[in-house]
Amino acid sequence: MANNFSRFSTTVAEYSGRPVTFVVAVATVALWGFTGPLFDFSETWQLIINTGTTIVTFLMVFVLQNSQNRDGTALQAKLDELILTSEAENRFIGIEKLDDGELKRLSEILKKHAASEDDQALHRKISSAAGRRSKQAEAR
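Bear in mind that the values here come from a model prediction, so they are computed numbers and not experimental data.

Undergrad: In this structure, what is going on with the overall build of the protein chain? I would like to understand it.
TA: Counting secondary structure elements, the protein chain contains 5 helices and 0 strands. Each helix and strand of the protein chain, ordered N terminal to C terminal, gives the series α-α-α-α-α. The buried share among the 140 residues of the protein chain stands at 21%. Long-range contacts, defined as pairs at least 24 residues apart, comprise 47% of the intrachain contacts of the protein chain with a sequence gap of at least 6. Summed over its atoms, the accessible surface of the protein chain is roughly 10,800 Å², and 63% of this surface lies on carbon and sulfur atoms.

Have a look at this one:
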């Protein structure tokens, strides 16, 4: 069932991002707006668009989140493969699981290095930062 939902969410995400889908949405809203005078702009007339857009929005959140989660996981696997097959620090694999503070600290180290330090100094700092995280994870 999960595989079927994944295929469904991928298809919906692809179609929802197309220009023709946007045009259909705009045409629907325009048609609804033009029918306002026919229905004297009644509460029922307003309820139709409000209910329709709420339902579509609610369902699209789950479909698009599923699609985005799979894309993120695939991207992470690709990056991990690049790390493993290069001379990059293997401890970078899995850093997406670090908390926000740890990621920010690691990012700051990398930014400082880009401006000034040599590769050996960066390697020591990254190893130290990643090593601390590994030891903390093992202790848990």
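Undergrad: What is the right way to read the packing of aromatic side chains from this model?
TA: Working definition: an aromatic ring pair is given by the centre-to-centre distance plus the angle between the planes. In the structure shown here, the tally under the stated rule is 4 aromatic pairs. Between the aromatic rings of F5 and F8, the centroid separation amounts to 6.3 Å while the plane-to-plane angle is 35 degrees, which identifies the pairing as tilted. One end of the pair, F5, and the other, F8, are both in helix 1 (residues 2–16), 3 residues apart, so they sit about a helical turn from each other. Under the relative-accessibility criterion, F5 is labelled partly exposed at 33%.

Undergrad: Would you mind showing me how to read helix 1 here?
TA: Under the 1.5 Å per step criterion, the end-to-end length of helix 1 is 20 Å for 15 residues, consistent within 8% with the ideal 21 Å. Listed as buried for helix 1 are S6, S9, V12 and A13. The arc that holds every buried residue of helix 1, seen down its axis, measures 135 degrees, which confines them to one face. The secondary structure elements touched by the buried residues of helix 1 are helix 3 (43–84).

Undergrad: Please clarify how a nonpolar patch on the surface should be interpreted in this entry.
TA: Together, F5, F8, I55, F58, L59, V61 and F62 give the surface a local cluster of nonpolar side chains, amounting to about 700 Å² of exposed area. Contributions of two or more residues to the nonpolar patch are made by helix 1 and helix 3. Per-element tally for the nonpolar patch: the top contributor is helix 3, with 5 residues.

Undergrad: Is there a simple way to think about the layout of surface pockets in this case?
TA: Empty space left among the atoms is revealed by rolling a probe the size of a water molecule over them. What the largest pocket holds in volume is close to 350 Å³. Lining the largest pocket are 13 residues, and of these T21, V24, A25, T53 and V56 sit closest to its centre. Counting only elements with at least two residues in the lining of the largest pocket, the list comes to helix 2 (19–34) and helix 3.

Undergrad: Is there a simple way to explain the packing of helix 1 against helix 3 in this structure?
TA: At their nearest, the axes of helix 1 and helix 3 sit 8 Å apart, and the two run at 105 degrees to each other. One finds that helix 1 runs roughly perpendicular with respect to helix 3. Here F5, S6, F8, S9, T10, V12, A13 and S16 of helix 1 come into contact with helix 3, specifically with M60, F62, V63, L64, N66, S67 and R70. When grouped by side-chain class, the residues that make up the contact of helix 1 with helix 3 number 8 nonpolar, 6 polar and 1 charged.

Here is what the cut-offs are and how they apply
- Residues numbered from 1 in each chain as written.
- Predicted model: local features only at pLDDT ≥ 70, side-chain atom pairs only at ≥ 80, totals over all residues.
- Heavy atoms only, no water.
- Helix = DSSP H or I, 4+ residues; strand = E, 2+ residues; numbered from the N terminus.
- Buried < 20%, exposed > 50% of the residue type's maximum accessible area, 1.4 Å probe, protein only.
- Contact = heavy atoms within 4.5 Å.
- Areas by Shrake-Rupley, 256 points an atom, 1.4 Å probe, with all protein chains shown as cover.
- Phe/Tyr/Trp six-rings, centres within 6.5 Å; stacked < 30°, edge-to-face > 60°.
- Expected span 1.5 Å × (residues − 1).
- Arc of directions from axis to C-beta.
- Patch = residues over 30% accessible without salt bridge, like charges linked within 9 Å, V, L, I, M, F, W, Y side chains within 5 Å.
- Salt bridge = Lys/Arg side-chain N within 4 Å of Asp/Glu carboxyl O.
- 1 Å grid on protein atoms, 1.4 Å probe; cavity = no way out; pocket = protein on both sides within 12 Å on 5 of 7 lines; lining within 4 Å.
- Points joined across faces, edges and corners; volume = space filled by probe spheres on them.
- Axes fitted to C-alpha atoms, helices over the stretch in contact; angles between N-to-C directions.
- Parallel < 35°, antiparallel > 145°, perpendicular 65-115°, else oblique.
- Nonpolar A, V, L, I, M, F, W, Y, C, P; charged D, E, K, R; others polar.

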